[in-house]
Amino acid sequence: MMELAVTLSFVLPLMGTLILALSGGRLGVRFGAFVGVASIGLAALATAWAIALYDGPVGFTLWSWIQVGSFQPTIGLAVDGLALVMMAVITGVGFFIHLFAAWYMAGEAGVTRFYAWMNLFVFSMLMLVLGDNLLLLFLGWEGVGLCSYLLIGYYYQDSANGRAAFKAFVVTRIGDVFLALGLFLIFRDLGTLDIQQVMARASEVWSVGDPTASLVALLVLGGALGKSAQVPLHTWLPDAMAGPTPVSALIHAATMVTAGVYLIARLNGVFLMAPDVLWLVGVIGAVSLLLAAFAALAQTDIKRVLAYSTMSQIGYMFLALGVGAFDAAVFHLVTHAFFKALLFLSAGAVITSCHHEQDMTRLGGLRKRLPVAYAGFLVGGSALVALPLVTAGFYSKDEILWQAMAADQNGLLFAGLLGALLTCLYTVRLVLGTFHGASRSDKARHAEPGTAWLTHHLPLAILAVLSTVVGTWLYPHLGDLFPVAPGERTETGHTLLQLLAIGTVVAGLALALWLFLKRADWLRQQTARGVGAFLWTLWHQAWGFDAFYDRVLVQPWQLLVRLLRYDLINLTINLVAVLARLFNGALVRAQTGRVRGYATAMILGATVILLALAMVQGIVPGGAP
């Protein structure tokens, strides 16, 4: 029965994709949406069934895939505690996102195409987390990248959206190349891509600090940085907001950006053999969470604020991974999925209700007109800032900070606390700028739908409940997810750290309310000139990474392409094609279709040939004697 439940959760999204893709748009808007939502809903029920049946890790093979000598990867599924956690997030949160999309995408053209790709997105992510070998994981990894390209560029009529999709595809491909190279090295040294065998053989073949193990861990980390949008491969994430808001919610909460966290957690045995690389994971996470938090402070687009917030929260997960707290990273992944999906869907409610306006400077005063979205922002924002005791985010962040302290990583601990303070600032700014104050636009007059309780109110309400302490109860404690973890768990100083974290959040909220309510005019003056204007511009442009990459990488590459377009070798090769075209042109002109012309050409040709033969034989003057 367990195999049936897991197989259904894996296959149902694919079936939804095939039905929608092969229908050619003939199903109609409502039935197409029904198929798209129902397939993920049934997959979520199958996942719940699998969790109820679970009593230990299981694995089974659906069929053999490739057989090349001793290399025989299979289409096999492996289920353990970590896989079930990811399945629950992907299908559960993914279902609520699909359900909300039925309201958000109503009246949009191409809804069948939208749901086909959304279902394929979920299927690819399930393949990634359920695959029992790294080749199948990599296939799901690439499928997620493909779906992100298709969905980010969903509104392809606007060239800017196409560029955003292309940017996401290219930047994440850089990380994918690193991951592929890492898989090659794993197969070369360990002789297998089966994940369980890789974990078992890693400690047998490599010693701690082995150069090959460190190189493999670095390459795998490169792949994780691309998918999870961490420095320096993070620049695609804010531009990914070009897609419909449910797509943003799916990418940020349930699928793509969590893939890198899952990959490092799944291959924890490899990273334990490379402690320096594991420390680097934590440092990159700390840097990413701070850079993104500062960038979020200077955004006016509500979706871009949430995008940088996601990058920052993923940074917390990488910080946890870096100190060996793999279970804490996955715990925060789960709670983050709840409150970030809630925030994005609430933002989608604001955007649609306000006629696709998403600039905070042109909104305001919406708390009475959009009470459900306002409540979603309050609950989701509270979980994001880790409001003490009552929100899910508090417990998962506390676990991360505690493990950083237990690992004696004071620098990472300080970065986590500073990130918590900055999170309070940009979250309060987002809520106040969107829902409080005077309305700054005529577009902000449309009220929420009163009858769309199933597709609009229900997803927001359930995600709001899960973003509270209730969400921590649903975290599946299915034994130790990671039986081997460095560092000793200790309660020493835990209470003091909790008080420090609570004090940081309270101070951050108080500072934010004071700045954005009492000192708003002063703050605008400070950001309009001098150092304040410089910092605002720097953070608004996300520290200038895009401009730097454009000048250092893109423009030189484009110049090289233009130069090589006219290089000697290329011209020589093209000469053959030019001559072929010339001869072809001459022969084409000779084919007139006129019989008289053909007869005349035959007579002239025969005459020339006979004269040439006569000259060779010496029959005519001038020939050889």
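Residues numbered from 1 in each chain as written. Predicted model: local features only at pLDDT ≥ 70, side-chain atom pairs only at ≥ 80, totals over all residues. Heavy atoms only, no water.

## A short note on the overall build of the chain
In terms of helices and strands, the chain carries 26 helices and 2 strands. By principal-axis analysis of the C-alpha atoms, the chain measures approximately 120 × 65 × 55 Å. Contacts in the chain between residues at least 24 apart in sequence constitute 80% of all its contacts with a sequence separation of at least 6. A total of about 27,500 Å² of accessible surface is found on the chain, and carbon and sulfur atoms cover 68% of it. (Helix = DSSP H or I, 4+ residues; strand = E, 2+ residues; numbered from the N terminus. Contact = heavy atoms within 4.5 Å. Areas by Shrake-Rupley, 256 points an atom, 1.4 Å probe, with all protein chains shown as cover.)

## Side note on helix α21 (residues 494-518)
Counted at 1.5 Å a residue, the expected span for α21 with its 25 residues is 36 Å, and the 35 Å between its end C-alpha atoms agrees. Those residues of α21 that fall on the buried side of the exposure criterion are H494, L497, A501, T504, V505, G508, A512, L515 and F516. Residues of α21 that are buried sit in contact with α17 (392-406), α18 (410-435) and α22 (520-526). (Expected span 1.5 Å × (residues − 1). Buried < 20%, exposed > 50% of the residue type's maximum accessible area, 1.4 Å probe, protein only.)

## Considerations on the nonpolar core
W236 and V350 are the most contacted members of the largest nonpolar core, which totals 199 residues. Looking at this core element by element, the count peaks at 19 residues for helix α15 (residues 326-353). Setting aside residues up to four positions removed in sequence, V350 forms contacts with I302, E357, L363, L366, L370, A373, F377, T434 and F435. (Core = buried A, V, L, I, M, F, W, Y, C linked by side-chain atoms within 4.5 Å.)

## Some points on the packing of aromatic side chains
Counted according to the given criterion, the structure contains 17 aromatic pairs. Plain terms: the ring middles of F95 and F96 are 5.5 Å apart, the flat faces sit at 55° to each other, and that makes the pair tilted. Classification of F95 as partly exposed rests on a relative accessible area of 23%. Their ring planes at 75° and their centres at 5.2 Å tell us that Y154 and Y155 sit as a pair that is edge-to-face. With a relative accessible area of 1%, Y154 lands in the buried category. Feature note: the residues F114, Y115, Y154 and Y155 constitute an aromatic cluster, connected by ring pairs. One residue, R173, lies across the ring of F169, its end atom 4.3 Å from the ring centre. (Phe/Tyr/Trp six-rings, centres within 6.5 Å; stacked < 30°, edge-to-face > 60°. Lys NZ or Arg CZ within 6 Å of the ring centre and 35° of its normal.)

## Thoughts on the pairing of strand β2 (residues 74-79)
With 5 of 6 residues buried, β2 is to be regarded as a mostly interior element. Summarising the sheet, strand β1 (residues 58-64) and β2 pair through 6 bridges and their orientation is antiparallel. Following the sheet pairing, S64 is matched in β2 by T74. (Pairing = 2+ DSSP bridges.)

## A look at the environment of L179
With respect to the helices and strands, L179 occurs in helix α6 (residues 159-190). The exposure class of L179 is buried, given its relative accessible area of 1%. Sequence separation of L179 and V283 is 104 residues, and the distance between their C-alpha atoms is 20 Å. Dropping the residues within four chain positions of it, L179 is found in contact with F138, W141, L219, V220, G223 and L263.

## Observations concerning the pattern of salt bridges
Applying the stated criterion to the full structure yields 11 salt bridges. Here R266 makes a salt bridge to D80, at a shortest N to O gap of 2.7 Å. One end of the pair, R266, is in helix α11 (residues 259-266); the other, D80, is in the loop between β2 and α3 (81-104), and 186 residues separate them in sequence. Neither residue differs from the other here; R266 and D80 are each classed as buried. With its nearest N and O atoms 2.6 Å apart, the salt bridge here joins D239 to K167. Placement of D239 in helix α9 (residues 236-239) and of K167 in helix α6 is noted, with a sequence separation of 72 residues between them. Look at the salt bridges and you will find they share partners, linking E142, R173, D176 and K227 into a network. (Salt bridge = Lys/Arg side-chain N within 4 Å of Asp/Glu carboxyl O.)

## Re α11
Of all the 8 residues making up α11, 8 are buried; the element is thus mostly covered by neighbouring parts of the structure. Within the sequence span of α11, burial applies to A259, G260, V261, Y262, L263, I264, A265 and R266.

## What to know about unusual backbone geometry
Of note, the amide linkage connecting V231 to P232 takes the cis form, showing an omega dihedral of 5°. Tracing the backbone shows P232 in the loop between α8 (211-227) and α9. In this structure, A386 is a non-glycine residue whose phi angle is positive, near 65°. Looking at the element boundaries, A386 is found in the loop between α16 (371-384) and α17. Taking relative accessible area as the criterion, A386 reaches 5% and is therefore assigned buried.

## Some remarks on the confidence of the model for the chain
Confidence along the chain averages 91 in pLDDT terms, with 95% of residues attaining 70 or more. With pLDDT under 50 throughout, residues 484-488 is counted as low confidence; its partners more than four residues away or in other chains account for 9 contacts. (pLDDT = per-residue confidence, 0-100.)

## Quick notes on the environment of V129
With respect to the helices and strands, the residue V129 is situated in helix α4 (residues 111-130). Given the relative accessible area of 1%, V129 is considered buried. Through-space distance from the C-alpha of V129 to that of V85 is 9.8 Å; in sequence the pair is 44 residues apart. Beyond its immediate chain neighbours, meaning those up to four positions away, V129 contacts A78, A83, M86, M87, I90, Y262 and R266.

## Topic: the packing of α15 against α17
Following both chains from N to C, one finds α15 and α17 inclined at 155°, their axes separated by 9 Å at the closest point. It follows from the interaxial angle that α15 and α17 lie roughly antiparallel. Once α15 is placed against α17, the crossing between them reads as left-handed. Residues A328, F331, H332, T335 and F339 of α15 lie in contact with α17, whose contacting residues are A392, G393, Y395, S396, K397, E399, I400 and Q403. Within the contact of α15 with α17, the residues separate by chemical class into 6 nonpolar, 5 polar and 2 charged. (Axes fitted to C-alpha atoms, helices over the stretch in contact; angles between N-to-C directions. Parallel < 35°, antiparallel > 145°, perpendicular 65-115°, else oblique. Left-handed = near helix turned anticlockwise from the far one by under 90°. Nonpolar A, V, L, I, M, F, W, Y, C, P; charged D, E, K, R; others polar.)

## Thoughts on the side chain of T455
One can find T455 in helix α19 (residues 453-466). Setting aside chain neighbours within four positions, we find T455 in contact with L99, F100, A102 and W103.

## Here's the deal with the environment of S23
As for its position among the elements, S23 is in the loop between α1 (2-22) and α2 (29-53). Among the residues examined, S23 registers a relative accessible area of 9% and is labelled buried. For S23 and T112, which are 89 residues apart along the polypeptide, the C-alpha to C-alpha distance reads 8.5 Å. A polar contact is formed between the side chain of S23 and the backbone oxygen of L20, at a distance of 2.8 Å. (Polar contact = N/O pair within 3.5 Å; in protein donor to acceptor, adjacent residues only side chain to side chain.)

## A short note on a nonpolar patch on the surface
A grouping of I174, V177, F178, L181 and F184 is seen on the molecular surface, where their side chains present a nonpolar patch of about 460 Å² in accessible area. With respect to the element layout, L181 can be found in helix α6. (Patch = residues over 30% accessible without salt bridge, like charges linked within 9 Å, V, L, I, M, F, W, Y side chains within 5 Å.)

## Details of the packing of helix α5 (residues 134-152) against α6
A pair of packed helices can be characterised by two numbers: the angle between their axes and the separation between those axes. Contact pair α5 / α6: the axes reach a minimum separation of 8 Å and the direction vectors enclose 170°. It follows from the interaxial angle that α5 and α6 lie roughly antiparallel. Of α6, the residues touching α5 (which contributes L134, F138, W141, E142, G145, Y149 and I152) are N161, A164, A165, F166, A168, F169, R173, D176, L179, A180, L183 and I186. Partitioning the contact of α5 with α6 into residue classes produces 14 nonpolar, 2 polar and 3 charged.

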